[in-house]
Amino acid sequence: MHGRVLPWSVAVVTIVAVVLGGAFAFQRKLVFLPSGAAGGPPAGAHEVVLTTGDGLRLTAWHFPVADARAAVLVAPGNAGNRSLRAPLARALSARGLSVLLLEYRGFGGNPGSPSEEGLALDVRAARDFLVRSTDAPLVYFGESLGSAVVAELAVEHPPAGVVLRSPFTDLAAVGRRHYPFLPVRWLLLDEFRTVDHVARTAAPVTVVLGDADSVVPPEQSRAVADAAGGRAVVVPGADHNDRVLLDGPEVVGAVLRFTS
């Protein structure tokens, strides 16, 4: 009996070890889902180069507006490239705001490989560019994973306001939602602890969320708003990637609220 059980036990342990090892080794392939080059900038935008603290040269799109009421730094989510965020930039620039669409390392044809530490350097390079190029007050806009990126920046460099669209509390919490069979918190190299960052920033925070979000549970976004002592704007029936959460009136209005 014991002779038959032992080989099966070894096999199970081996399979578990392989699964966990693979999840650990390839986790950033699951977290970061970049698209290729974004193509040329759309009308009203210029391609600019941001130099990071570790020497990378990242391309981004800048939508300048003369005498802008504010300059908005847009930190995207974990997928696609900056072309997907162009409608938001156009909507904001049409209302008198300059916009910088950040493109992370490894995204949109940029060099490097994304990580939490790397994205922190990328967003600082973006802020440095805006500080050099305008005297207008800054507003940070973070989309999903980008919410953690700008929330961390806001602790060190508080802006006039922070808008977080569909933020999760931390990467492990949203990871458990999608990979309940894995010990996600033990495996993760990157934490992206949005809820901790917003609790430490002096900047005012608005959270925009869809109450039908199938990627980031709405209760996590509400928890971020609560931790920030901020305002939650709920878009009824909206899922994570719906157009209304890209450049809809609730999203644009949340940014404009910090520019009056």
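Right above here is the structure, for reference.
What you see is a predicted model; the values in this text were computed from it and never measured.

**Student:** Is there a simple way to explain the overall build of the protein chain in this structure?
**Tutor:** Counting secondary structure elements, the protein chain contains 11 helices and 10 strands. Buried residues in the protein chain amount to 51% of all 260 residues. Sequence-distant contacts in the protein chain: of pairs separated by 6 or more residues, those separated by 24 or more amount to 71%. Surface summary for the protein chain: the accessible area is close to 11,700 Å², and the carbon and sulfur share equals 58%.

**Student:** Can you walk me through the environment of F32 in this structure?
**Tutor:** Mapped onto the elements, F32 comes out in the loop between α2 (27–31) and β1 (33–34). Along the primary structure F32 and G106 are separated by 74 residues, whereas in three dimensions their C-alpha atoms are 9.1 Å apart. With residues near it in sequence (within four places) discarded, F32 still touches N78, F107, P114, S115, L119, L145, D190 and F192.

**Student:** Just checking my understanding: could you explain the nonpolar core for this structure?
**Tutor:** Taken as a class, soluble globular proteins show a tendency for nonpolar side chains to be buried jointly. In terms of nonpolar packing, the biggest core is built from 41 residues, with L50, Y140, L145, V162, L164 and F192 touching the most fellow members. Judged by nonpolar contacts, the second largest core, of 29 residues, contains V74, L97, V208 and F258.

**Student:** What is the right way to look at the packing of aromatic side chains in this model?
**Tutor:** For any pair of aromatic rings, the description consists of the separation of the ring centres together with the inter-plane angle of the planes. Evaluation of the coordinates by the stated rule reveals two aromatic pairs. Seen from their ring centres, Y104 and F107 are 5.7 Å apart, and the 80° between their planes marks the pair as edge-to-face. Of the residues examined, Y104 reaches a relative accessible area of 1% and is grouped as buried. For F107, a relative accessible area of 1% puts it in the buried group.

**Student:** Quick question: what am I supposed to make of the side chain of T52 here?
**Tutor:** Tracing the backbone through its elements, the reader meets T52 in the loop between β2 (46–51) and β3 (57–63). T52 gets classed as buried once you look at its relative accessible area, which sits at 5%. Beyond its immediate stretch of four places on either side in the chain, T52 contacts L58, R105, L121, D122 and A125.

**Student:** Any chance you could explain the pattern of salt bridges here in plain terms?
**Tutor:** Applying the stated criterion across every chain yields a total of 10 salt bridges. One salt bridge connects R124 with E156, and the closest N-O pair in it is separated by 2.6 Å. Of this pair, R124 sits in helix α4 (residues 116–133) while E156 sits in helix α5 (residues 145–156); the two residues are 32 residues apart in sequence, bridging distant segments of the chain. R124 gets classed as buried once you look at its relative accessible area, which sits at 17%. Because the salt bridges share partners, they merge into one network encompassing E47, R82 and E103.

**Student:** Help me out: how do you make sense of the sheet that holds strand β4 (residues 70–75) in this one?
**Tutor:** Backbone hydrogen bonds hold the strands of a sheet together, and the pairing may be parallel or antiparallel. Strand order in this open sheet of eight strands is β2-β3-β6-β4-β7-β8-β9-β10, and the pairing throughout is mixed. The open sheet has two free edges, formed respectively by β2 and β10 (231–235), since each of these has just one partner strand. Strand after strand, the sheet turns through a mean of 25° between neighbouring axes, direction not considered. Relative to strand β6 (residues 97–101), β3 runs antiparallel, the two being bridged by three bridges. Its bridge partner lying in β6, H62 is registered against L100. Contacts from helix α3 (residues 86–93) reach β3, β4, β6 and β7 (138–143), with the element oriented near 165° to β6.

**Student:** I tried to follow α3 on my own but got confused; where do I start?
**Tutor:** Structural remark: α-helix, 3.6 residues per turn; residues separated by three or four positions point the same way. In terms of burial, α3 is a largely internal element, six of the eight residues being buried. If you check which residues of α3 are buried, you get A86, P87, L88, A89, A91 and L92. On its buried face, α3 sits against β3, β4, β6, β7, α10 (244–247) and α11 (249–256).

**Student:** Looking at this structure, I do not really get the pairing of β10. What am I missing?
**Tutor:** Consecutive side chains of a regular strand alternate in pointing toward one face of the sheet and then the other. Here strand β9 (residues 205–210) runs beside β10; their pairing, made up of five bridges, is parallel. Following the sheet pairing, T206 is matched in β10 by R231. Assessed by its sense of winding, the connection that carries the chain from β9 through helix α9 (residues 218–228) to β10 is right-handed.

Rules and cut-offs
- Residues numbered from 1 in each chain as written.
- Predicted model: local features only at pLDDT ≥ 70, side-chain atom pairs only at ≥ 80, totals over all residues.
- Heavy atoms only, no water.
- Helix = DSSP H or I, 4+ residues; strand = E, 2+ residues; numbered from the N terminus.
- Buried < 20%, exposed > 50% of the residue type's maximum accessible area, 1.4 Å probe, protein only.
- Contact = heavy atoms within 4.5 Å.
- Areas by Shrake-Rupley, 256 points an atom, 1.4 Å probe, with all protein chains shown as cover.
- Core = buried A, V, L, I, M, F, W, Y, C linked by side-chain atoms within 4.5 Å.
- Phe/Tyr/Trp six-rings, centres within 6.5 Å; stacked < 30°, edge-to-face > 60°.
- Salt bridge = Lys/Arg side-chain N within 4 Å of Asp/Glu carboxyl O.
- Pairing = 2+ DSSP bridges.
- Axes fitted to C-alpha atoms, helices over the stretch in contact; angles between N-to-C directions.
- Right-handed = clockwise from strand over helix to strand, strands pointing away.

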